Amino acid sequence: MDNAAVYFMLLIAVIAGWVLGRLSAPRNAAAERNGSDIFEDYFVGLNYLLNDEPDEAIDTFIKALEINSETIETHLALGALLRRRGKVDKAIKVHQALLARPGLDQSFFGATKLQLAVDYISAGLLDRAERLLREILSDNSAAKWSALQHLITIYQMEKEWQKAVDCSDQLLLNSAYKRDQELRAAAAHYCCEIAEQLVSDKQFVKAKEKIRKAFGFDKRNVRAAMILADIEQHLGNYKAAIKQLIGVRNNNPEFISQVLGPLAECYEQIHNLPEYEKLLSNTLPQQPDISVVLALSELVKNRSGDQAAIEFLNDYLHKKPSLAGLVELLRLQIPKTDAEVSSNLNLLQQLVDSLLRKKPAYQCHHCGYESRSLYWLCPSCQKWDKIKPIMEVS
Ligand SMILES: [Zn+2]
């Protein structure tokens, strides 16, 4: 929102708050401020706004407005505005002052505590924010659903995955959030984080339980399927691992390059590489990713020798040129050429190889962030499941 729009909203909010405050304020001499003082404050604030000094204007309006049940929402809006402008200390003072106000309507307590908790999160005071948000849950106020969302954010920042799962479970009890795919995807990843730790501790049974929970949140979660395949592979259940990996290929074809390595290992373990070759041959027309071509080329080479692999690659690259395919073709052909040509081809191979190494392999479909490594949580936009491999079809 641009500054002009912020000022306009601020002005409207303050005028509405002031008028309502005036109408509902107690009319005894001790409690009521002199009307002309309020007008004076109001015009001082307006002057700050016109002179492009919004922070001073907000301060003045907060001082000018009496706190009562009619103006509290305006105070909350002004406090939130201070926070958004980076004045977190001032926002904390505004919200603390509201909470300390005797006789404040109970219905506003939750909303005020929630705003103060958000101030604490902005200030990095996560322990205080967590305490306050937990209080909101105990109070069972209307702010509890928002409190749960903020608690999930805190637990994600602190990598307290189990607590994040528990809060997600509670939030999903609310029908308004039940079908929230982002919330479900995030919760599935919290389970995956726990499962990965359990796998590294070789606690495979417990890890499987967490994966089952992850699928409960998001039945097509790629990461959960890949971890489960890894667990099955560790346990020697290669056919079960293959089933999971083929599921990834079917449900999330853009992740095909991620499953080829473990698929090859599993088929090798069950001594059925022909079946793997058949799978890749069937996959190629639907998912013409160069990783599939390279995996097939490797199989052809091991089965029928270098020349057969060269012919396979040559044939494919004439239909769909690819730099990664060219590097592999050069690697196979260089030993078959004479010394002088081989030296030149080596240079060409190194050059193309270094170009490929600089290319990003993954991209966030939400913010466009690119990387060489796969991140399940985008480091740029902080969204889960948005980073995907860049399919190289040519
Ligand atoms: Zn992103």
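Structure first, text after, so check above.
Rules behind the numbers
- Residues numbered from 1 in each chain as written.
- Predicted model: local features only at pLDDT ≥ 70, side-chain atom pairs only at ≥ 80, totals over all residues.
- Heavy atoms only, no water.
- Salt bridge = Lys/Arg side-chain N within 4 Å of Asp/Glu carboxyl O.
- Helix = DSSP H or I, 4+ residues; strand = E, 2+ residues; numbered from the N terminus.
- Buried < 20%, exposed > 50% of the residue type's maximum accessible area, 1.4 Å probe, protein only.
- Phe/Tyr/Trp six-rings, centres within 6.5 Å; stacked < 30°, edge-to-face > 60°.
- Lys NZ or Arg CZ within 6 Å of the ring centre and 35° of its normal.
- Core = buried A, V, L, I, M, F, W, Y, C linked by side-chain atoms within 4.5 Å.
- Domains from an automatic or database assignment.
- Contact = heavy atoms within 4.5 Å.
- Donors = N, O, S within 2.8 Å, 3.2 Å for Na, K, Ca; no water.
- Tetrahedral: all angles 85-135°; square planar, octahedral: opposite > 155°, others 65-115°.

Draft legend 1. Quick look at the pattern of salt bridges. One pass over the structure, following the stated rule, counts 14 salt bridges. Put simply, K113 and E135 hold a salt bridge, and the shortest N to O gap is 3.1 Å. Taken together, the residues K113 in helix α6 (residues 106-122) and E135 in helix α7 (residues 126-139) connect sequence positions 22 residues apart. Taking relative accessible area as the criterion, E135 reaches 36% and is therefore assigned partly exposed. Members of the salt-bridge network, linked through shared partners, are K113, E135 and D139.

Draft legend 2. Representation of the packing of aromatic side chains within the structure. Tallied over the entire structure, the rule returns 5 aromatic pairs. Summarising the aromatic geometry, the rings of W161 and Y190 are spaced 5.8 Å apart at their centres and angled 25° between planes, so their arrangement reads as stacked. One end of the pair, W161, is in helix α9 (residues 161-171); the other, Y190, is in helix α10 (residues 181-200), and 29 residues separate them in sequence. Accessibility assignment for this pair places W161 and Y190 in one class, buried. Put simply, the rings of W161, Y190 and W384 pair up and form one aromatic cluster. Just above the ring of W145 sits the side chain of K144; from NZ or CZ to the centre is 4.8 Å.

Draft legend 3. Fine view of the nonpolar core. Ranked by size, the top nonpolar core spans 87 residues in total, and within it L133, Y190, I211, L263, Y276 and L280 carry the most contacts. With 11 residues, α10 is the single largest residue contributor to this core. For this core, the two domains that each supply at least three residues are domain 1 (3-171) and domain 2 (288-358). In this structure Y276 touches L260, L263, A264, Y267, A295 and L299, once residues within four positions along its chain are discounted.

Draft legend 4. Molecular detail of the coordination of the zinc ion. Distances from the zinc ion to its protein donors, C364 (SG), C367 (SG), C378 (SG) and C381 (SG), fall within 2.3 Å. Each of the 4 donor atoms around the zinc ion contributes to a set of angles spanning 105 to 114°, which defines the coordination as tetrahedral. Taking relative accessible area as the criterion, C367 reaches 35% and is therefore assigned partly exposed. Assessed through its relative accessible area of 22%, C381 is described here as partly exposed.

So yeah, pure geometry; function would need other evidence.
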